[in-house]
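Okay, here's what each chain looks like letter by letter:
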Amino acid sequence: MSDKRVVIDPITRIEGHLRIEVVVDDNNVVKEAYSGSTLWRGIEQIVRNRDPRDVGFFTQRICGVCTFSHYKAGIVAVENALGIKPPLNAQLTRTLMNTALFIHDHIVHFYHLHGVDWADVVSALQADPKKASEEAFKYTDTPYACGADKLKEVQDRVAAFAKKGNLGPFANAYWGHPTYKLTPEQNLIVLSHYLECLRIQRIVAQMMAIFGSKNPHPQSLTVGGVTCVMDLQSPARLGEYLTKLKECQEFIDRAYYPDLVMAGRAYANEPSVVGDVGVANLYTYREFQIGANEWLFDSGIIKNGDISKVYDVDTNKITEEATHSWYQNPAPLHPYDGQTEPNYTGLIDGESIDDKGQMAHSKIFNTKGKYSWIKSPRYDGEPLQVGPLANIVINYAKGNKYVVPLVDKFLADTGLPISAVFSTLGRTATRMLEAKIVADNTILAFNALVENLKVDSETCAKYVIDKDKEYRGFYMGHVPRGTLSHWCRIKNGVIENWQAVVPSTWNASPKDSKGQMGSYEACLIGTKLADLTQPLEIIRKIHSYDPCIACAVHVMDMSGNTLSEYKINPNL
Ligand code: NFE
Ligand code: MG
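Not measured: the values here are computed from a predicted model.

## Examining the overall build of the chain
Then, number 1: Per the secondary structure count, the chain includes 18 helices and 16 strands.
Then, number 2: Expressed as a percentage of the 572 residues in the chain, the buried residues total 58%.
Then, number 3: Only carbon and sulfur atoms are counted for the fraction: they give 50% of the accessible area of the chain, which is about 22500 Å².
Then, number 4: If the 60 positive side-chain charges of the chain are averaged to one point and the 65 negative ones to another, these points end up 2 Å apart.

What follows is the structure, encoded as structure tokens:
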């Protein structure tokens, strides 16, 4: 028999357009993997020649998910270039907004995007609600939305969909796949939390809007500080923030944490969950300012999974190259000198598995040439993995007091060793742990802000932009999917060059000139597929990174053509 090619395009339940191609051997084991983005954006071009004070409003449009991340990055890179230090009140307010972003991102990822890779919704219809209610107490003393009556109601709601022959949001998945490991009762628990999380999503979006004025795309950051002065002075607004934070904390403690303990125990022997690390070089950067000189998470780099040594980050060692990316210059360039000139060469004719499991003609990646709009960021010439896994492991290795006790508790609750973190389960569990650490410790930033407001009313620093001077600066920090950096050069008072090096760009990158894989590709090698027409193992692994391809490629048509027209009728 010959090699077979499996193409998944698009990967759904992510942001943006991602295509994965793998080549499997006679035993259906993946021996080659290719990760490519099929959509190009162009924000780095759009901000050229613009006023630096406007850039944050453009960069936040890189993504509809982590809008605040790119907003803050766009603002902070300019502040860094101009030598501006925003007042403490502004810094801490940004932390409060960042908390809302992180919680929103992480709970939505597990329940609405990735959860269906772990929980089989159709199986939940067979559950005994009373038994499921008892099961929930194995993982927490105070289960969330898991009374027998509540679970029966959840089951009836989804059964009503199924009766119509259409599972609504749960249609078209690989239900019944042999690698699902939860019992019908456990599946019903997760399903109940899926529905509850729709409500919590709304609350946390409102939480962002308290200081951000709206969500997504908040608008209260400005170069130098923040503009939400009235909200900061209002005890009612501050109180509202705390009330919503508490609701999120309850959901994390009583649903998200116990569900990951349950999943950790149930999936402890499933190869597609525990058997991979992807790229074992990890990278994270300081984030969440909680006091005048204190941050929740610290920076660092770990090489080859060796947690006994954490290296400092040297920002000069970062490059992006385009050997296999649809851009003109393939050379590795530091982001200050980065280039983003498109050079699309398309797909080629080939064969891949069709939905009946037969090889059939199709378009495939030109894997010897260019096959993605995503560039390949490298550090000292090597790929790095970024994300909650990297952030939690590096901070654990550094003995971070906000991280170590919770990681140890989770390992004790699941019975897993620390090495289990280097896996799909690890990526998913550390995202939950990160959400909990952020939610539980934001009160430190909140209290520091309230104290500081008593003695200091500054919310924005004054500055001037000298048109005769050249400036350059950057933002680097941790956002929900990993380490983000934005790099800017200012000349004649406008942006001369702008580059964003984004978490999903690191993880989803195509091979580099040395053939080194990014983490998406690396984690797929050696994966055995139970059924080539239902590649759930691949989707589960890729989803564990929470891909955001809109971010990774950061719509416009360069020739100015109309791409599409939208009409909105407010009377409908
Ligand atoms: Ni579009 Fe993003 C995050 C950034 S991408 S979501 O988190 O930056 O990896
Ligand atoms: Mg970029």
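Next comes the rest of the description.
## A few points about helix 17 (residues 536–543)
Because an α-helix completes one turn every 3.6 residues, residues spaced three or four positions apart along the sequence face the same direction.
Then, number 1: Judged by how many residues are buried, helix 17 sits mostly within the fold: eight of eight residues are covered.
Then, number 2: Buried within helix 17 we find Leu536, Glu537, Ile538, Ile539, Arg540, Lys541, Ile542 and His543.
Then, number 3: Taken together, the buried residues of helix 17 touch strand 1 (4–8), strand 2 (18–24), helix 4 (88–118), helix 11 (271–274), helix 14 (424–455) and helix 16 (519–524).

## Let's talk about the coordination of the nickel atom of ligand 1
Then, number 1: On the protein side, the nickel atom of ligand 1 has Cys63 (SG), Cys548 (SG) and Cys551 (SG) as donor atoms, found 2.1 to 2.3 Å from it.
Then, number 2: Around the nickel atom of ligand 1 sit four donor atoms; with metal-centred angles ranging over 101 to 122°, the donor geometry is tetrahedral.
Then, number 3: The iron atom of ligand 1 is placed at 3.2 Å from the nickel atom of ligand 1. In this pair, Cys63 sits in the loop between helix 2 (55–59) and helix 3 (67–82) while Cys548 sits in the loop between helix 17 and helix 18 (549–553), placing the two residues 485 residues apart along the sequence. Taken as a pair, Cys63 and Cys548 share a single burial class, namely buried.

## Description of the UniProt feature "binding site: Ni(2+)" (unreviewed entry) in the chain
Then, number 1: The positions that UniProt labels "binding site: Ni(2+)" (unreviewed entry) are, in the present scheme, Cys63, Cys66 and Cys548. These annotated residues cover 486 residues of sequence, but their C-alpha atoms sit close together, with the largest distance between any two at 9.0 Å.
Then, number 2: If we ignore the near neighbours within four places in the chain, the residues touching Cys63 are Glu15, Arg41, His70, His217, Cys548 and Cys551.
Then, number 3: Residue classification places Cys66 among the buried residues on the basis of a relative accessible area of 3%.
Then, number 4: Apart from the residues within four sequence positions on either side, Cys66 is in contact with Leu101, Asp105, Arg481 and Cys551.

## Focus on the sheet that holds strand 2
Then, number 1: Strand order across the open sheet formed by three strands is 1-2-3, with antiparallel pairing between neighbours. Of all strands in the sheet, those bounded by a partner on one side alone are strand 1 and strand 3 (30–37). In this sheet, neighbouring strand axes are inclined to one another by 15° on average, regardless of whether the strands run parallel or antiparallel.
Then, number 2: Inspection of the sheet shows strand 1 paired to strand 2 by five bridges, in the antiparallel sense. In the strand pairing of strand 2, Val6 is matched with Val22.
Then, number 3: Across the sheet, helix 17 lies against strand 1 and strand 2, angled at about 130° from strand 2, the strand it touches most.

## Notes on helix 10 (residues 235–266)
Then, number 1: Between its first and last C-alpha atoms helix 10 spans 45 Å; for 32 residues at 1.5 Å apiece the expected length is 46 Å, and the two agree.
Then, number 2: Most pronounced at Ile252, the bend in helix 10 amounts to some 40°.

## Side note on the nonpolar core
Then, number 1: Ranked by internal contacts, the top residues of the largest apolar core, which has 129 residues, are Ile107, Phe170, Phe211 and Tyr256.
Then, number 2: Among the elements that line this core, the one with the most residues is helix 4, at 15 residues.
Then, number 3: Every residue in contact with Tyr256, bar those within four places of it in the chain, is listed here: His106, Ile107, Phe110, Tyr111, Phe251, Arg431, Met432 and Ala435.
Then, number 4: Grouped together as the second largest cluster of nonpolar side chains are 30 residues, Val30, Tyr327, Cys523 and Val553 included.

## Some remarks on the pattern of salt bridges
Then, number 1: Inspection of the entire model under this criterion finds 32 salt bridges.
Then, number 2: When the shortest N-O distance is used, the salt bridge between Glu135 and Lys138 registers 2.8 Å.
Then, number 3: Accessibility expressed as a relative area gives 11% for Glu135, which makes it buried.
Then, number 4: Given a relative accessible area of 53%, Lys138 falls into the exposed group.
Then, number 5: With its nearest N and O atoms 2.6 Å apart, the salt bridge here joins Glu250 to Arg254. Taken together, the residues span about one helical turn, with Glu250 and Arg254 both in helix 10 at a distance of four residues.

Procedures and definitions
Residues numbered from 1 in each chain as written. Chains lettered and ligands numbered in written order. Predicted model: local features only at pLDDT ≥ 70, side-chain atom pairs only at ≥ 80, totals over all residues. Heavy atoms only, no water. Helix = DSSP H or I, 4+ residues; strand = E, 2+ residues; numbered from the N terminus. Buried < 20%, exposed > 50% of the residue type's maximum accessible area, 1.4 Å probe, protein only. Areas by Shrake-Rupley, 256 points an atom, 1.4 Å probe, with all protein chains shown as cover. Lys, Arg positive; Asp, Glu negative; His and termini not counted. Charge placed at Lys NZ, Arg CZ, Asp CG, Glu CD. Contact = heavy atoms within 4.5 Å. Donors = N, O, S within 2.8 Å, 3.2 Å for Na, K, Ca; no water. Tetrahedral: all angles 85-135°; square planar, octahedral: opposite > 155°, others 65-115°. UniProt positions renumbered as here; feature names shortened; annotations may be inferred. Pairing = 2+ DSSP bridges. Axes fitted to C-alpha atoms, helices over the stretch in contact; angles between N-to-C directions. Expected span 1.5 Å × (residues − 1). Bend = angle between axes of the 7 residues up to and from the residue. Core = buried A, V, L, I, M, F, W, Y, C linked by side-chain atoms within 4.5 Å. Salt bridge = Lys/Arg side-chain N within 4 Å of Asp/Glu carboxyl O.

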